[in-house]
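Structure at a glance
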Amino acid sequence: MERAAPATAATEACAAERCTTAVTGPVVDVAGGLVQLSHLVQAVQTRVALRHDLTPVQARLLCLLLDGPRGMADLAQILRVEKAALTGLMDRVERRDLAHRSAVPGDRRSLRVVLTDLGRGTARAFQFEASAELAHLTDFLDADDGDRFLATLAEIVDRNRPHPK
């Protein structure tokens, strides 16, 4: 089994920089606070992905597949990448035996992506570790503040989720 190339020094430096310099001042408005929170979340995901010898987009792909097989076109849309970029991503993931492409029954032109057992274990481990680290971001909140924060997050996500046409 061929392993993906280890993270380069530049990738590690970039991840380390994001981990230490993403938050650059006090939160003065909602937009700035959301941007800073986004940087914190991305830094955690990058750190955890690197520990699993994954890129952040590989980790995201594997986690998406935990819900079951998905079509290549669907994955390209969710990940917001061109089909050619997804093909390259899948080539690397397949070389590591984390997922594989297979034909869609009844549609010879379509492919779906399925996790392997190794990929499922890797995705679950990434998800568990990232969730644990992200939970630490709000450890200082008391129960009531935590409940309000969760309710607010849920409402923001729900109101801004793309709805089917």
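Right, let's walk through the structure included here. (Residues numbered from 1 in each chain as written. Predicted model: local features only at pLDDT ≥ 70, side-chain atom pairs only at ≥ 80, totals over all residues. Heavy atoms only, no water.)

Moving on to the pairing of strand 3 (residues 107-115). Direction of pairing for strand 1 (residues 70-71) relative to strand 3: antiparallel, over a ladder of 2 bridges. Bridged to glycine 71 within strand 3 is arginine 112. Sheet topology note: the strand 2 (residues 99-104)/strand 3 ladder contains 6 bridges and is antiparallel. Directly across from histidine 100, in strand 3, lies its bridge partner valine 114. The hairpin turn running from strand 2 into strand 3, its antiparallel successor, is 2 residues long, and glycine 106 in that turn takes a positive phi close to 85 degrees. (Pairing = 2+ DSSP bridges. Helix = DSSP H or I, 4+ residues; strand = E, 2+ residues; numbered from the N terminus.)

Opposite charge on two side chains allows them to pair when their charged atoms are near. As enumerated under the stated definition, the model contains 10 salt bridges in all. Across the pair arginine 159 and glutamate 155 runs a salt bridge whose closest N-O atoms are separated by 2.7 Å. Of the two residues, arginine 159 and glutamate 155 are both situated in helix 7 (residues 143-160); the distance of 4 residues between them amounts to about one turn of the helix. Between arginine 161 and aspartate 158 there is a salt bridge, with the nearest N and O atoms lying 3.8 Å from each other. (Salt bridge = Lys/Arg side-chain N within 4 Å of Asp/Glu carboxyl O.)

As a further point, take the nonpolar core. Among the nonpolar cores identified, the biggest contains 25 residues, and Leu61 and Leu86 are the most heavily contacted of them. Here this core takes 6 residues from helix 3 (residues 56-65), the largest share from any one element. The contacts of leucine 86, once residues within four sequence positions are left out, are Met72, Leu75, Ala76, Leu79 and Val81. (Core = buried A, V, L, I, M, F, W, Y, C linked by side-chain atoms within 4.5 Å. Buried < 20%, exposed > 50% of the residue type's maximum accessible area, 1.4 Å probe, protein only. Contact = heavy atoms within 4.5 Å.)

Turning next to unusual backbone geometry. For aspartate 53, which is not glycine, the phi torsion reads 60 degrees and is therefore positive. By secondary structure assignment, the location of aspartate 53 is in the loop between helix 2 (30-51) and helix 3. In this structure, arginine 80 is a non-glycine residue whose phi angle is positive, near 55 degrees. Tracing the backbone through its elements, the reader meets arginine 80 in the loop between helix 4 (72-79) and helix 5 (83-95).

What follows is about the packing of helix 2 against helix 6 (residues 117-135). Running from N to C, helix 2 and helix 6 point in directions that differ by 145 degrees, and their axes come no closer than 9 Å. Between helix 2 and helix 6 the crossing geometry is right-handed. Residues Val41, Val44, Gln45, Arg47, Val48, Ala49 and Arg51 of helix 2 pack against Phe126, Glu129, Ala130, Glu133 and Leu134 of helix 6. (Axes fitted to C-alpha atoms, helices over the stretch in contact; angles between N-to-C directions. Left-handed = near helix turned anticlockwise from the far one by under 90°.)

Functional significance is not addressed by these values, which are geometric in nature.
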